[in-house]
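# Structural features, examined
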Amino acid sequence: FHNLDGDWVIIDVPRSEFRKHNKLGDILDDHGFDRPQNFNLKNFVDQVADSRFTQKIVVTKQHGWRRNEGENWDYVNGFHKSQNGNLVFEYKPEDMAKSIRLNTKGDLDGWKKSVGEVAQYSPILIFGIGLALASPLIALSRVNHNLCFHLTGRSSAGKTTALRVAQSVFGAARPEDLKTWDTTMAGLAETAASHCDALLCLDEMGSLDGQRHSRLQ
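Note that the structure is predicted; figures quoted are calculated from it, not measured.

Parameters at a glance
Residues numbered from 1 in each chain as written. Predicted model: local features only at pLDDT ≥ 70, side-chain atom pairs only at ≥ 80, totals over all residues. Heavy atoms only, no water. Salt bridge = Lys/Arg side-chain N within 4 Å of Asp/Glu carboxyl O. Buried < 20%, exposed > 50% of the residue type's maximum accessible area, 1.4 Å probe, protein only. Patch = residues over 30% accessible without salt bridge, like charges linked within 9 Å, V, L, I, M, F, W, Y side chains within 5 Å. Areas by Shrake-Rupley, 256 points an atom, 1.4 Å probe, with all protein chains shown as cover. Helix = DSSP H or I, 4+ residues; strand = E, 2+ residues; numbered from the N terminus. Core = buried A, V, L, I, M, F, W, Y, C linked by side-chain atoms within 4.5 Å. Contact = heavy atoms within 4.5 Å. Phe/Tyr/Trp six-rings, centres within 6.5 Å; stacked < 30°, edge-to-face > 60°. Polar contact = N/O pair within 3.5 Å; in protein donor to acceptor, adjacent residues only side chain to side chain. Axes fitted to C-alpha atoms, helices over the stretch in contact; angles between N-to-C directions. Left-handed = near helix turned anticlockwise from the far one by under 90°. Nonpolar A, V, L, I, M, F, W, Y, C, P; charged D, E, K, R; others polar. Expected span 1.5 Å × (residues − 1). Arc of directions from axis to C-beta.

This model, assessed by the stated rule, comprises four salt bridges. With a closest N to O distance of 3.1 Å, Arg35 and Asp29 form a salt bridge. Taking the relative accessible area as the measure of exposure, Arg35 reaches 36% and is therefore partly exposed. Arg174 serves as the salt-bridge partner of Asp177, at 2.8 Å between the closest nitrogen and oxygen. Overlapping salt bridges bring together Arg174, Glu176 and Asp177 as one network.

All right, on to a nonpolar patch on the surface then. Among the surface-exposed residues, Ile124, Phe127, Leu147 and Phe149 lie close enough to one another that they form a single nonpolar patch of about 360 Å² accessible area. Turning to its location among the elements, Ile124 is positioned in helix α4 (residues 123-134). Here Ile124 falls in the partly exposed class, since its relative accessible area comes to 36%.

Attention now goes to the nonpolar core. Residues Phe18, Leu24, Leu28, Phe33, Leu41, Val45, Val48 and Ala49 constitute the largest nonpolar core, which totals eight residues. Of all the elements in the fold, those that place two or more residues in this core are α1 (21-30) and α2 (41-49). Examining the composition of this core, we find that four residues originate from one element, α2, more than from any other. Discounting residues that sit within four places of it in the chain, Leu24 has contacts with Val13, Glu17, Phe18 and Val45. Membership of the second largest hydrophobic core comes to seven residues, among which are Leu163, Ala166, Leu199 and Cys201.

With the rule as written, the count across this model stands at four aromatic pairs. Between Phe127 and Phe149, the aromatic rings sit 5.3 Å apart at their centres with planes inclined by 85°, giving edge-to-face as the arrangement. Highlighted residues: Phe127 in helix α4 and Phe149 in the loop between α4 and α5 (159-167), separated in sequence by 22 residues. Judged by relative accessible area, which is 33%, Phe127 ranks as partly exposed.

So, about the environment of Ala119. Assignment of secondary structure puts Ala119 in helix α3 (residues 108-119). For the pair Ala119 and Ile129, spaced 10 residues apart in sequence, the C-alpha separation works out to 8.6 Å. Look past the residues within four positions of Ala119 in its chain and what remains in contact with it is Leu125, Ile126 and Ile129.

Within the secondary structure, Asn3 sits in the segment before α1. A relative accessible area of 14% places Asn3 in the buried class. Of note is the side chain of Asn3, whose polar atom sits 2.8 Å from the backbone nitrogen of Asp7. Not counting chain neighbours up to four residues away, the residues in contact with Asn3 comprise Val9, His31 and Gly32.

To continue, consider the packing of α4 against α5. Direction vectors running N to C along α4 and α5 enclose 35°, while the axes themselves pass 8 Å from each other. Handedness of the crossing formed by α4 with α5: right-handed. In this structure, α4 uses Ile124, Leu125, Gly128, Ile129 and Ala132 to contact α5, whose residues at the interface are Thr161, Ala162, Val165 and Ala166. Of the residues contributing to the contact of α4 with α5, the split by class is seven nonpolar, two polar and no charged.

A word on α4. Look at α4: 16 Å from first C-alpha to last across 12 residues, which is about the 16 Å you get at 1.5 Å a residue. Restricting attention to buried positions, one finds in α4 the residues Leu125, Gly128, Ile129 and Ala132. One side of α4 carries all its buried residues, which in axial view fall inside an arc of 95°. The secondary structure elements touched by the buried residues of α4 are α3 and α5.

Our next topic: the environment of Ile138. Mapping Ile138 onto the fold places it in the loop between α4 and α5. Considering only alpha carbons, one finds Ile138 and Ala198, 60 residues apart in sequence, at a separation of 8.8 Å. Residue contacts for Ile138: discarding those within four places in its chain leaves Val143, His145 and Leu147.

Structure representation (structure tokens):
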């Protein structure tokens, strides 16, 4: 439909929402739907619900790999829409703070020069890059369990640097971009779930208190 500004708008609404007339009305209003005079929301919703559509849209709330059509796979991440438009990631703004951000800044040549050329002389940095590259392939390799690696060493030995280098493979890797262990168990579970089929780098394990540390062992 055309919104109040005259722009063409396409929204993806799960079929279950058609049973909630008022909620669907709020969704339309939020997207600038210009209700005609004498517009009857219930009749409109019932008419749309009874329609048959040629395009199938799948809504997923989980990051990671998802089979799309046949043998095609899509990697769902953040504000994602598959190439043919039939796989949509549904998110809440507050969830995005915990989620993985696969994004591009600069180019591959720049990364090779600023990160790769230095990392090639450090086994631990090479290891981190390898983990980042391998993590999306685990599910496709039919490995049905998670893998966890704990970097130990004295202070200033390069553990955080290794995490930042690994995270730079797929997104921002500034110090403030690293997740830490300084969170609740529920928060940690949500963060882990939002990094499905991807590498999750957690810094500052020393911030764990004794009770949470024992629960993780």
